[in-house]
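Structural overview for review
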Amino acid sequence: MRTGKIKIGDKEYLGCFSTRVLANVEDYTGMSFETGLKDILEKKSIKDITWFVSQLINAGDRYAKMEGIDNPGTLDEDEIYDIVGVDDYEDVFGSIGDIVKAGTKPEIELKPTKNAKATQGK
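What counts, and where the lines are drawn
- Residue numbers restart at each chain and count upward from 1, following the sequence in its written direction.
- The model is predicted, so local features are restricted to residues of pLDDT at least 70 and side-chain atom pairs to those at 80 or more, both for listing and for counting; the totals for chains, interfaces and linings are taken over all residues.
- To obtain the side-chain values, all non-hydrogen atoms of the structure were included, while hydrogens and water were left out.
- What counts as an axis is a line fitted to C-alpha atoms, over the stretch in contact for a helix, and the angles between N-to-C directions run from 0 to 180 degrees.
- In this description a helix means any DSSP run of H or I spanning at least four residues, a strand means any run of E spanning at least two, and both kinds are numbered starting from the N terminus.
- Oblique is the label for any angle not covered by the other classes, which are roughly parallel (under 35 degrees), roughly antiparallel (over 145) and roughly perpendicular (65 to 115).
- Working rule for handedness: look at the near helix, and if it is turned counterclockwise from the far one by less than a right angle, call the crossing left-handed; if clockwise, right-handed.
- Between two residues, a contact is recorded if the distance between any of their heavy atoms is within 4.5 Å.
- Residue polarity is assigned by list, with Asp, Glu, Lys and Arg as charged and Ala, Val, Leu, Ile, Met, Phe, Trp, Tyr, Cys and Pro as nonpolar; anything else, Gly included, falls into the polar class.
- Partly exposed residues are those whose accessible area sits between 20% and 50% of the maximum for their type, while under 20% is buried and over 50% is exposed, using a 1.4 Å probe and protein chains only.
- Throughout, the arc means the angular range of directions from the helix axis out to the C-beta atoms.
- By the criterion applied in these results, polar contacts are pairs of N or O atoms within 3.5 Å in which, for protein atoms, one can donate a hydrogen and the other can accept it, and in which residues neighboring in sequence qualify only through two side-chain atoms.

As a further point, take the packing of helix 2 (residues 33–43) against helix 3 (residues 46–67). At a closest axis distance of 8 Å, the pairing of helix 2 and helix 3 adopts a crossing angle of 125°. With respect to helix 3, the element helix 2 is oriented oblique. In this structure, the crossing between helix 2 and helix 3 has a hand that is left-handed. Contacts from Leu37, Ile40, Leu41 and Lys43 in helix 2 reach Asp48, Ile49, Trp51 and Phe52 in helix 3. Split into classes, the residues belonging to the contact of helix 2 with helix 3 amount to 6 nonpolar, no polar and 2 charged.

Written as structure tokens, this is what we have:
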């Protein structure tokens, strides 16, 4: 699951880029999730970005509850409008890219086999 933190005010909210968010992007934009997401992120409309941040935070709260992760809760668009100031845009809206892109780079973890013997190279 693609997750990350979104700092708003003095709290860090878990943001989650889930299938629910993608379905909501389709409903909100009337486009496929790929086209709709691209439109939201490229257009950079405060209204659209605020809506998307709210979706990430709300999905993050659902995910946190399912996984037993502490999280401060949800925020709707009106709450985000009232809490986030112009000076916060870079941090808050910058978090979106981190969450959306999380997991796009493969992370390979190598574990030694159970009975393998370590050998030294020459």
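So, about helix 2. For an α-helix the count is 3.6 residues per turn, leaving residues at separations of three or four pointing the same way. What helix 2 keeps buried is the set Gly36, Leu37 and Ile40. Along helix 2, the residues classed as buried sweep out an arc of 95° about the axis, all on the same side. The outward face of helix 2, more than 90 degrees from its buried face, is lined by the exposed residues Glu34 and Glu42. Where the residues of helix 2 are buried, they touch strand 2 (11–17), helix 1 (19–29), helix 3 and helix 5 (89–101). Looking one or two residues beyond helix 2, the residue adopting positive phi is Lys44, at roughly 55°.

What follows deals with helix 1. When helix 1 is considered as a whole, its buried residues turn out to be Val21, Leu22, Val25 and Thr29. Seen from one end, helix 1 has its buried residues packed into an arc of 100°, which puts them on one side. Of the residues in helix 1, the exposed ones pointing more than 90 degrees away from the buried face are Thr19 and Asp27. The inward-facing, buried residues of helix 1 contact strand 2, helix 2 and helix 3. Positive phi shows up at Gly30, right after helix 1, with a value of about 75°.

In this section: the side chain of Asp48. Inspection of the secondary structure puts Asp48 in helix 3. A polar atom in the side chain of Asp48 sits 2.7 Å from the side chain of Tyr28. Other than its neighbours up to four places away in sequence, Asp48 contacts Tyr28, Ile40 and Lys43.

Limitation: the analysis is restricted to geometry and does not speak to function.
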